[in-house]
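# Remarks on the overall topology
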Amino acid sequence: MSPKLRVVDAPVEVALTEQPPVEHVPPARRFTRTIQTAAALPWRQRQMAELEARLGAPAPMEQLVFQVRRTDPWRPRAPGLFEAEYLHASGGAAQNRRATSFLGLDASRRTPFGLSLPALVLVGLALVVLPAAALNQAWSRRQDQAEALSDLDTRVLVEGRRATAAARRAEEARRLDQLHVDELSPGQVLKDLDWLSLHKRPDVTLSAVHWARGIAALEVASDVSPLDAADKPIQCAPHPLRPGVWLWGVALSPGGRTR
Amino acid sequence: MSETAPSRPRPWSTTGVVAASFLLAAAVLWLLVMLSQPVGVDARVFDLDRRVRRIETLRTAAPLRAYPRGVVCMETPIREAGRLKSDLERLAHQAAAPLVQVSAEPLLPTLDAHLAPVQFSLEINTGYAGVLDLLRRLSTYTPAVLVDRADIVSKAGFVSFHLTGRVLCRA
């Protein structure tokens, strides 16, 4: 950081419109100086530049006002370049006002963070409007999500009931399959009785027919087969059921429905 | 003159202001994220996920064969037993078959059973045509009648028909 000071121009005359002209004011002098700082974060570089500007001031600080201005944009891992600008103002309060006006540092007009009043108003508005908008959007999103969750909950409830009923029907169907309900129906009994009537030998009288799960037991007063069908297995009991009565068994379905 | 000196110590440090700004921004962001979600959304989504998984599991149990409605009775077994008994009496009357005995009572289902049987027994004295007529009427009865045993015994001038079977109710 080389403290090369140079006089920028001749004494500066600053017009003050809000203050009455002051007599016998010595002319103010303006200096500039280039300051280079080490690579650092931007605010740290500015702090260092200000310190350097104060250290290398061309006159006692009570006679100076100065400002530090960045001349190159900040880049990471690159030194910072600043220009310090001094105004030597040793002419009393009026001169000070001139100097501060010149540098734009009038204490009476300074605002927080060095922002102008319109900028401050804009920032304030932004600080109010943006969070309010974000809050509104967040609340709206919350309502949407709650509504979507509620809809989904209803759908899951309905589909759950439907799926439960379907599963129950499936389980019932599986049990009914296991029971072979068709083969145990009265219609099947009718078919088997029809078949027996059709294939009964005309000279035979059946004294009883016992049907159970696809197997028929016929009580016949003869040891000769009462049926003339050869497509179903017929078997006679080894001994008469009663004297003169024989029991014949016939499987009306293949192997009989023994379940 | 000191009121114009920019080197006056600031009441805050730049680092502190920046750090506070970041913290404030993070807090506001977190607050907005929290506000944008309904209360207990994670638990509700977890619960929905569990229920949907159960639905998916239930849907895998598709029936091999669809039975018509009414195959299984919708009543409780006790109520169905009473109804069945009166229906059998009515059917026997319609078939012009004098009733000897009729009974219907629910059986205890097994623990894993989805179907609770109601067992019935019917005995009539009629002609062979009456037996066939009764069987035809029973074949269209709902719930479906399962015949376990049918005995037709020829008597003098009539036949004795003894039928035992079941109807099935939901357990």
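Here, every reference points to the structure presented above.
Residues numbered from 1 in each chain as written. Chains lettered and ligands numbered in written order. Predicted model: local features only at pLDDT ≥ 70, side-chain atom pairs only at ≥ 80, totals over all residues. Heavy atoms only, no water.

## Notes on the overall build of chain A
Counting its regular elements, chain A contains four helices and eight strands. Counting helices and strands in the order they occur from the N terminus, chain A gives β-β-α-β-β-α-α-α-β-β-β-β. The proportion of buried residues among the 259 residues of chain A is 33%. Summed over all atoms, the accessible surface of chain A reaches about 15,200 Å², with 58% contributed by carbon and sulfur. (Helix = DSSP H or I, 4+ residues; strand = E, 2+ residues; numbered from the N terminus. Buried < 20%, exposed > 50% of the residue type's maximum accessible area, 1.4 Å probe, protein only. Areas by Shrake-Rupley, 256 points an atom, 1.4 Å probe, with all protein chains shown as cover.)

## Notes on the packing of aromatic side chains
One pass over the full model with this rule turns up one aromatic pair over all chains. The ring of Trp195 of chain A carries Lys232 of chain A above its face, with NZ or CZ at 5.2 Å from the centroid. (Phe/Tyr/Trp six-rings, centres within 6.5 Å; stacked < 30°, edge-to-face > 60°. Lys NZ or Arg CZ within 6 Å of the ring centre and 35° of its normal.)

## Re the sheet that holds strand 5 (residues 206-212) of chain A
To summarise the sheet geometry, strands pair through backbone hydrogen bonds and adopt either a parallel or an antiparallel arrangement. As summarised here, the arrangement of the eight strands in space is 7(A)-8(A)-6(A)-5(A)-3(B)-4(B)-2(B)-1(B), forming an open sheet in which the pairing is antiparallel. Strand pairing shows two members of the sheet lacking a second neighbour, strand 7 (234-236) of chain A together with strand 1 (99-106) of chain B, which therefore form its edges. Averaged over all pairs of adjacent strands, the angle between strand axes in this sheet comes to 15°, irrespective of strand direction. Taken strand by strand, helix 3 (residues 117-179) of chain A contacts strand 2 (115-126), strand 3 (146-154) and strand 4 (159-170) of chain B, and its axis lies near 150° from that of strand 4 of chain B. (Pairing = 2+ DSSP bridges. Axes fitted to C-alpha atoms, helices over the stretch in contact; angles between N-to-C directions. Contact = heavy atoms within 4.5 Å.)

## What about the interface of chain A and chain B?
Across the boundary between the two partners, chain A contributes 62 residues, which contact 62 residues of chain B. Of the roughly 5,500 Å² buried between chain A and chain B, counting both surfaces, carbon and sulfur atoms make up 63%. Together, Arg142, Leu149 and Pro186 of chain A form the three largest contributors to the area buried by chain A at its contact with chain B, with a combined 11%. Along the contact surface separating chain A from chain B lie four salt bridges. The residue Arg170 of chain B makes a salt bridge to Glu172 of chain A at a minimum N-O spacing of 2.5 Å. Elements supplying a minimum of two residues to the side of chain A that touches chain B: helix 1 (42-55), strand 3 (64-70), helix 2 (92-103), helix 3, helix 4 (186-199) and strand 5 of chain A. Top element by residues in the side of chain A that touches chain B is helix 3 of chain A. It accounts for 28 residues. In terms of residue class, the side of chain A that touches chain B is made up of 32 nonpolar, 13 polar and 17 charged. Pairing of strand 5 of chain A with strand 3 of chain B, which is carried by four bridges, proceeds in the antiparallel orientation. (Buried area = accessible area lost by both parts, 1.4 Å probe. Salt bridge = Lys/Arg side-chain N within 4 Å of Asp/Glu carboxyl O. Nonpolar A, V, L, I, M, F, W, Y, C, P; charged D, E, K, R; others polar.)

## Here we look at unusual backbone geometry
Omega for the peptide link from Thr142 of chain B to Pro143 of chain B comes to 0°, which places this bond in the cis form. Among the structural elements, Pro143 of chain B can be located in the loop between helix 4 (128-139) and strand 3. Phi is positive for His180 of chain A, which is not a glycine, with a value near 55°. Mapped onto the elements, His180 of chain A comes out in the loop between helix 3 and helix 4. The backbone of Arg213 of chain A shows a phi angle near 50°, a positive value even though the residue is not glycine. With respect to the helices and strands, the residue Arg213 of chain A is situated in the loop between strand 5 and strand 6 (215-220).

## Concerning the environment of Gln37 of chain B
Along the chain, the position of Gln37 of chain B falls in the loop between helix 1 (14-35) and helix 2 (41-59). The partly exposed category is assigned to Gln37 of chain B, whose relative accessible area is 28%. Excluding residues within four positions of it along the chain, Gln37 of chain B makes contact with Arg142 and Gln145 of chain A.

## Focus: the pairing of strand 4 (residues 80-88) of chain A
Each regular strand shows side chains that alternate between the opposite faces of the sheet. All names here are of chain A. Buried residues dominate strand 4, accounting for seven of its nine residues. Alignment of strand 3 against strand 4, held across seven bridges, turns out to be antiparallel. Directly across from Gln67, in strand 4, lies its bridge partner Glu85.

## Observations regarding the environment of Thr164 of chain A
Counting through the fold element by element, Thr164 of chain A comes out in helix 3. For Thr164 of chain A, a relative accessible area of 37% corresponds to the partly exposed category. Those residues in contact with Thr164 of chain A, other than ones at most four positions away along the chain, are Arg54 and Leu58 of chain B. Within polar-contact distance, the side chain of Thr164 of chain A engages the backbone oxygen of Gly160 of chain A at 2.6 Å. (Polar contact = N/O pair within 3.5 Å; in protein donor to acceptor, adjacent residues only side chain to side chain.)

## Some thoughts on the side chain of Arg142 of chain A
Looking at the element boundaries, Arg142 of chain A is found in helix 3. Put simply, Arg142 of chain A is tucked away with no salt bridge, and the nearest opposite charge, on Asp144 of chain A, sits 11 Å away. When neighbours within four sequence positions are excluded, Arg142 of chain A is seen to be in contact with Met34, Leu35, Ser36, Gln37, Pro38 and Val39 of chain B. (Lys, Arg positive; Asp, Glu negative; His and termini not counted.)

## Considering the pattern of salt bridges
Across all of its chains, the model carries 23 salt bridges over all chains by this definition. Between Glu171 of chain A and Arg175 of chain A there is a salt bridge, with its nearest N and O atoms 2.9 Å apart. Placement of both Glu171 of chain A and Arg175 of chain A in helix 3 is noted, with a separation of four residues, approximately one turn of the helix. For Arg175 of chain A, a relative accessible area of 17% corresponds to the buried category. In this structure, Arg149 of chain B engages Asp151 of chain B in a salt bridge whose closest nitrogen and oxygen atoms are separated by 2.9 Å.

## Quick look at the environment of Pro202 of chain A
Note that Pro202 of chain A resides in the loop between helix 4 and strand 5. For the pair Pro202 of chain A and Leu227 of chain A, spaced 25 residues apart in sequence, the C-alpha separation works out to 9.1 Å.

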